[in-house]
Amino acid sequence: VWKLWTEGRALDVVDSTLGQSYPPEIALRCIQIGLLCVQESVNNRPSMLEVVFMLRNEAPICSPQKPAFLFNGNLDMKDSSTSGGGSSVNEVTVTTISAR
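About the thresholds
Residues numbered from 1 in each chain as written. Predicted model: local features only at pLDDT ≥ 70, side-chain atom pairs only at ≥ 80, totals over all residues. Heavy atoms only, no water. Helix = DSSP H or I, 4+ residues; strand = E, 2+ residues; numbered from the N terminus. Expected span 1.5 Å × (residues − 1). Buried < 20%, exposed > 50% of the residue type's maximum accessible area, 1.4 Å probe, protein only. Contact = heavy atoms within 4.5 Å. Axes fitted to C-alpha atoms, helices over the stretch in contact; angles between N-to-C directions. Parallel < 35°, antiparallel > 145°, perpendicular 65-115°, else oblique. Left-handed = near helix turned anticlockwise from the far one by under 90°. 1 Å grid on protein atoms, 1.4 Å probe; cavity = no way out; pocket = protein on both sides within 12 Å on 5 of 7 lines; lining within 4 Å. Points joined across faces, edges and corners; volume = space filled by probe spheres on them. Nonpolar A, V, L, I, M, F, W, Y, C, P; charged D, E, K, R; others polar. Salt bridge = Lys/Arg side-chain N within 4 Å of Asp/Glu carboxyl O. pLDDT = per-residue confidence, 0-100.

This paragraph deals with helix α2 (residues 24–37). Between its first and last C-alpha atoms α2 spans 20 Å; for 14 residues at 1.5 Å apiece the expected length is 20 Å, and the two agree. Among the residues of α2, those classed as buried are Ala27, Arg29, Ile31, Gln32, Ile33, Leu35 and Leu36. Check the buried side of α2 and you find it contacts α1 (2–6) and α3 (48–56).

Here's what the structure looks like:
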């Protein structure tokens, strides 16, 4: 999503089966708020109260900064977690718990 956002193509993440059944500006605002919530610096992330305010109002909101982690689009999460390799550019791993 971050890559598409920086390229100005954030609406590409919206499910195509929705067609034009939603206002694009609302979808972009929701994507922008989501990106604000995963910014690298915890101090820049909005509180839940701020998120609710942003969702309920049309006041301008700031542009998101780089997210805390970025997944490499060429890696399959399932395969990378079982092979012991990192699943993102900052080598964060995913652990799956399974019963015996």
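We now examine the packing of α2 against α3. Between two packed helices, both the angle of their axes relative to each other and the distance between the axes serve to describe the pair. Taken N-terminus to C-terminus, the directions of α2 and α3 make an angle of 165°; their axes are 10 Å apart at the nearest point. As far as their axial angle goes, α3 and α2 are roughly antiparallel. Considering the relative orientation of α2 and α3, their crossing is right-handed. When α2 is examined against α3, the residues Arg29, Cys30, Ile33, Leu36 and Cys37 are found in contact with a partner set consisting of Val51, Met54 and Leu55.

Let us look at the layout of surface pockets. Estimated volume of the second largest pocket: approximately 160 Å³. Considering the residues around the second largest pocket, the lining is formed by Glu25, Ile26, Arg29, Cys30, Ile33, Met54, Leu55, Arg56, Asn57 and Glu58. Within the residue set of the lining of the second largest pocket, elements represented by two or more residues are α2 and α3. It is α2 that contributes the most residues to the lining of the second largest pocket, five residues altogether. Taken together, the residues of the lining of the second largest pocket break down into five nonpolar, one polar and four charged.

In this structure the tally under the stated criterion is three salt bridges. Among the salt bridges present, the one from glutamate 7 reaches arginine 9, with a minimum N-O distance of 2.8 Å. Among the ionic pairs, glutamate 40 bridges to lysine 66, the shortest N-O distance being 3.7 Å. In this pair, glutamate 40 sits in the loop between α2 and α3 while lysine 66 sits in the loop between α3 and α4 (77–82), placing the two residues 26 residues apart along the sequence. For lysine 66, a relative accessible area of 44% puts it in the partly exposed group. The structure contains a network of salt bridges with shared partners spanning Glu7, Arg9 and Asp12.

Our next topic: the confidence of the model for the protein. For the protein, mean pLDDT is 83; residues scoring 70 or higher make up 79% of the total. Under a pLDDT of 50 for its full length, residues 79–86 has, in the predicted model, nine contacts with residues more than four places off or in other chains.

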